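For reference, the chains in residue letters:
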Amino acid sequence: MKVCIIGNGGREHALAWKLHHSPSVTDVYVVPGNAGMASVATMVEIDWKHRETLMTWLVEYQIDLVVIGPELPLVEGLSDAIRAVGIPVFGPSKQASRLEGSKSFAKELMYRYEIPTAKYEVCKDVETGNSIIHQWGVPIVLKRDGLWGGKGVTICETFTEAEQVLEEILSSSEESVVIEEYMQGQELSLLSFVDGTHVLPMIGARDHKRLLDHDEGPNTGGMGAYAPVLELNDSLEQEIVDTMVKPIVKAMAEEGYPYIGCLYTGLMLTEEGPKVVEFNARFGDPETQVILPLLQSDLGDIMYATATGQLEGMTLEWSKQYAACVILASKGYPQQPLTGRSVIGDIHTMDTVSMVFHSGTAYERGHYVTQGGRVLGVVGVGDTLEQSLGHAYERVAMIDFEGQQYRKDIGKSSVGFCIHAQYRKNSIDKEYN
Ligand code: AMP
Ligand code: GLY
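Model, not experiment: these values are computed from the prediction. What you see as residue numbers is a count from 1 along each chain, following the sequence as written. By the order in which they are written, chains take letters starting at A while ligands take numbers starting at 1. With the structure being a predicted model, the display of local features is reserved for residues of pLDDT at least 70 and the display and counting of side-chain atom pairs for 80 or more, all residues being used for whole-chain, interface and lining totals. In computing side-chain properties, one takes all heavy atoms of the structure into account and sets aside hydrogens as well as water.

**Details of the packing of helix α7 (residues 126-136) against helix α8 (residues 159-172)**
Two numbers describe a pair of packed helices, the interaxial angle and the distance between the axes.
Item 1. Orientation is described by lines fitted to C-alpha atoms, with helices fitted over the stretch in contact, and by angles between N-to-C directions that extend from 0 to 180 degrees. Elements are defined by DSSP. Helices are runs of H or I of four residues or more, strands are runs of E of two residues or more, and each kind is numbered from the N terminus. α8 packs onto α7 with a crossing angle of 155° between their chain directions and a minimal axis gap of 10 Å. Classified by the angle their axes make, α7 and α8 are roughly antiparallel. Like other packed secondary-structure pairs, α7 and α8 cross with a definite hand, here right-handed. Contacts between α7 and α8 involve Val126, Gly129, Asn130, Ile133 and His134 from the former and Phe159, Ala162, Glu163, Leu166, Glu167 and Leu170 from the latter. Every angle not falling under 35 degrees, over 145, or within 65 to 115 is termed oblique; those three ranges are roughly parallel, roughly antiparallel and roughly perpendicular. Each helix crossing is assigned a hand: it is left-handed if the near helix lies turned anticlockwise from the far helix by less than a right angle, otherwise right-handed if that turn is clockwise. Pairs of residues are marked as contacts when any of their non-hydrogen atoms sit within 4.5 Å.

**Quick notes on the nonpolar core**
The nonpolar side chains of a soluble globular protein tend to be buried with one another.
Item 1. Membership of the largest hydrophobic core comes to 69 residues, with the highest contact counts inside it found for Ile6, Leu58, Ile82, Leu99, Ile240, Ile248 and Leu263.
Item 2. If sequence neighbours within four positions are ignored, Leu263 has contacts with Leu99, Leu190, Leu191, Ser192, Val194, Val245, Ile248, Val249, Phe279 and Asn280.
Item 3. The criterion is simple. A nonpolar core is a set of buried Ala, Val, Leu, Ile, Met, Phe, Trp, Tyr and Cys residues joined through side-chain atoms within 4.5 Å. Only protein chains enter the area calculation, which uses a 1.4 Å probe; residues under 20% of their type maximum are buried, those over 50% are exposed, and those in between are partly exposed. Leu19, Ala225, Leu294 and Phe357 belong to the second-largest nonpolar core, a separate cluster that totals 47 residues.

**A short note on the sheet that holds strand β1 (residues 2-7)**
Item 1. Here a strand pair is declared whenever DSSP counts at least two bridges between the two strands. Read from one edge of the open sheet, five strands run β3-β2-β1-β4-β5, paired in parallel fashion. Lying at the two open borders of the sheet, with one neighbouring strand each, are β3 (42-43) and β5 (89-90).
Item 2. As defined by bridge partners, β1 adjoins strand β4 (residues 65-68) across four bridges and the pair is classed as parallel. Its bridge partner being in β4, Ile5 is matched across the sheet by Val67.

**Section: the state of the cysteines**
Item 1. Any two cysteine sulfur atoms within 2.5 Å of one another count as a disulfide. Evaluated as defined, the whole model comprises zero disulfides.
Item 2. This cysteine, Cys123, is not joined by any disulfide, and Cys156 carries the nearest cysteine sulfur, 12 Å off.
Item 3. What makes Cys123 buried here is its relative accessible area of 2%.

**Some remarks on the sheet that holds strand β19 (residues 354-358)**
Item 1. In spatial order, the strands read β16-β15-β10-β11-β14-β17-β22-β19; together these eight strands make up an open sheet with antiparallel pairing. Taken across any chain shown, the strands that pair with only one partner, and hence form the sheet edges, are β16 (273-280) and β19. Direction aside, neighbouring strands of the sheet carry axes that sit 25° apart on average.
Item 2. In terms of strand pairing, strand β11 (residues 199-207) meets strand β14 (residues 224-227) through two bridges, oriented antiparallel. The residue of β14 that forms the bridge with Asp207 is Ala225.
Item 3. Across the sheet, helix α12 (residues 385-396) touches β14, β17 (322-329), β19 and β22 (374-382), and the angle it forms with β22 is around 140°.

**Side note on the pairing of β17**
Item 1. Among the eight residues of β17, eight are classified as buried, and the element is accordingly described as predominantly covered.
Item 2. Burial along β17 is two-sided: Tyr322, Ala324, Val326 and Leu328 facing one way and Ala323, Cys325, Ile327 and Ala329 facing the other are all buried.
Item 3. Here β17 pairs with β22 via eight bridges, running antiparallel. Note on β22: the bridge partner recorded for Ala329 is Arg374.

**Structural notes on the site of ligand 1**
Item 1. In this text, near means that some heavy atom of the residue lies within 4 Å of the molecule or strand in question. Surveying the vicinity of ligand 1 reveals 15 residues, the closest of which are Lys143, Glu180, Met183, Glu187 and Glu278.
Item 2. Contact between ligand 1 and Glu180: a nitrogen atom at 2.8 Å from a side-chain N or O atom of the residue.
Item 3. Backbone polar atom of Met183 to a nitrogen atom of ligand 1: 2.8 Å apart, as the coordinates give it.
Item 4. Accessibility throughout is a Shrake-Rupley quantity obtained with a 1.4 Å probe, and a residue counts as covered only by protein chains that appear here. In the complex, 96% of the free accessible area of ligand 1, which totals 470 Å², lies under the protein chains.
Item 5. If you list the elements that add at least two residues to the shell around ligand 1, you get β7 (140-144), β8 (153-156), β9 (177-181) and β16. Polar contact is the term for a pair of N or O atoms within 3.5 Å; when the atoms are in protein, one must be able to donate a hydrogen and the other to accept it, and sequence-neighboring residues count only if both atoms are side-chain atoms.

Purely geometric numbers; function is a separate question.
Shown next as structure tokens:
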């Protein structure tokens, strides 16, 4: 099978790497790809926005499956255009992608189908906004209602901050603001393969969204992740699938826009139980970089079955190991990343204990240079979370570029919990075997 991936980030590098190793896949192409992917895929210099050129190429190369990585082409309807020329696509339609593209659309659907989520109001004017803020109190969450790459959300700790952010958003764009009740708890990402009807959940992953250690600083696209998340035991997974994932998939089908692709459910584990923070219409970044190294099933087969409505009866096999990812970001990320800096160190070796996925690199005059905010995702794999983190940070120590910033505490708060949970699991296994 010939697979073409659309995108150029770390998530797409991880997808290309995994598909390259899938027995069902003969060729992997990436449009346009990035400098780090050359060993696992053929880069195709086409801008996906030039639809006619892309369609002609896909047909000419007899591509069997297209995988759309990022949200923008999905929200702009690229999957519909490719399906129209008869090629199966892993990725939701333009209509279905509104689940990510519009926070107000997603919240309205969740409310209508009684999916647990935070209380919210959509507001278009400062006066109404301020009155909600004062009624609900702080902390309170203000969200821009469009695609902002994880950077359109502010958690306001004081009334002054909330009023300022509200004013800023409403005066700087035509968009409305989604005001949300603040949810306290640990976050969790549960990604699922969805073929329009059937749901096949993956292992849970935990992203680290804030820029700085101890969850301080602004929200980013994600500064690191690990998987699996042991809090997600079988019964919690069942609860999330039954009360959130399946109901939204059913809702989408009933509303006339069935969901096909990876459905990302972002959750908060609150004292009142799990609640949805957001749905994304794609794989998470950097969650993908820690989930795929642990997948033992043939990704090509699963993606093709997802795209063609044949997931029923399929199962996923997972390794018993852990994976952790540390994002190396440029100075100035997320506001104004400094680019064009030489990257030194081993950024290519991919073995069983560590790997490096490229997000924002370019190859210029014989050197790798930084080309974006998030530059590299350094992944470690090990038998325990601690070991996977050790492997990731050992590799991080071997890579450098001017202004490099990264979090030193990825997975740290969970190591104790994982040791305890693993110990319990081992004793339970022993008791039953
Ligand atoms: P979103 O783009 O909606 O996923 O928001 C980005 C990040 O902001 C989430 O991953 C959370 O860390 C945080 N966040 C969003 N909504 C809430 C909420 N209602 N309560 C607490 N934190 C939130
Ligand atoms: N890591 C968060 C996201 O992909 O939206």
